[in-house]
Amino acid sequence: MRTVLINLPCDCRGCVVQTDDEPCIVLNARLSYEMNVQSYKHEMRHIKNNDLLCDENINVIETECHKND
């Protein structure tokens, strides 16, 4: 699993992007280590739930994922 730190807007904790061979977790370099650990776990849930392949609205996907936070 590839993970990268990038300066993102402060209101964006991170995301998952699909590369040619595997998903890549993008974390916000402007945030603390602790916040990035939480974000990493959140993005891993998206990967495990196959959310990248889901046709559902992103707001619905996020609501479901945040139920486990």
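Placed above this text is the structure.
Bear in mind that the values here come from a model prediction, so they are computed numbers and not experimental data.

Brief notes about the sheet that holds strand β1 (residues 2-6)
Right, on to step 1. Sheet architecture is open: three strands sit in the order β1-β3-β2, paired in mixed fashion. Strands with a single pairing partner mark the edges of an open sheet, and in this sheet they are β1 and β2 (14-18). Averaged over all pairs of adjacent strands, the angle between their axes in this sheet comes to 25°, without regard to strand direction.
Right, on to step 2. As judged from the five bridges shared by β2 and strand β3 (residues 23-28), these two strands associate in the antiparallel manner. Residue Cys15 lies in a different strand from β3, and its bridge partner there is Val26.
Right, on to step 3. Its contacts with the sheet put helix α1 (residues 33-48) on β1, β2 and β3, and the angle it makes with β3 is roughly 155°.

Quick notes on the environment of Ala29
Right, on to step 1. Locating Ala29 in the fold gives a position in the loop between β3 and α1.
Right, on to step 2. Since its relative accessible area comes to 37%, Ala29 is described here as partly exposed.
Right, on to step 3. Placed 24 residues apart in sequence, Ala29 and Leu53 show a C-alpha to C-alpha distance of 26 Å.
Right, on to step 4. Not counting the four nearest positions on each side in its chain, Ala29 is found in contact with Leu5, Ile6 and Asn7.

Focus: the nonpolar core
Right, on to step 1. Judged by nonpolar contacts, Val16, Ile25, Leu27, Met44 and Ile47 together constitute the single largest core of five residues.
Right, on to step 2. Mapped by element, the contributors of at least two residues to this core are β3 and α1.
Right, on to step 3. With near-sequence residues (within four places) excluded, Met44 lies in contact with Met1 and Ile25.

How each quantity is defined
- Here the residue numbers are simple positions, counted from 1 along each chain's written sequence.
- Local features in this predicted model are restricted to residues whose pLDDT is 70 or higher, and side-chain atom pairs enter the listing and the counts only when it is 80 or higher, whereas totals over whole chains, interfaces and linings include all residues.
- Working from all heavy atoms in the structure, the side-chain values ignore hydrogens and water.
- At least two DSSP bridges between two strands are needed for those strands to be called paired.
- Helix and strand assignments follow DSSP, with helices taken as H or I runs no shorter than four residues and strands as E runs no shorter than two, numbered in order from the N terminus.
- Axes, fitted as lines to C-alpha atoms, cover a helix only where it is in contact. Angles between the N-to-C directions of the axes lie from 0 to 180 degrees.
- Should any heavy atoms of two residues lie within 4.5 Å, those residues are considered in contact.
- Partly exposed describes any residue whose relative accessible area lies between the buried limit of under 20% and the exposed limit of over 50%, with all areas from a 1.4 Å probe on protein chains only and scaled to the type maximum.
- Here, the term nonpolar core denotes a set of buried Ala, Val, Leu, Ile, Met, Phe, Trp, Tyr and Cys residues that are joined through side-chain atoms within 4.5 Å.

All we've got here are geometric facts, nothing functional implied.
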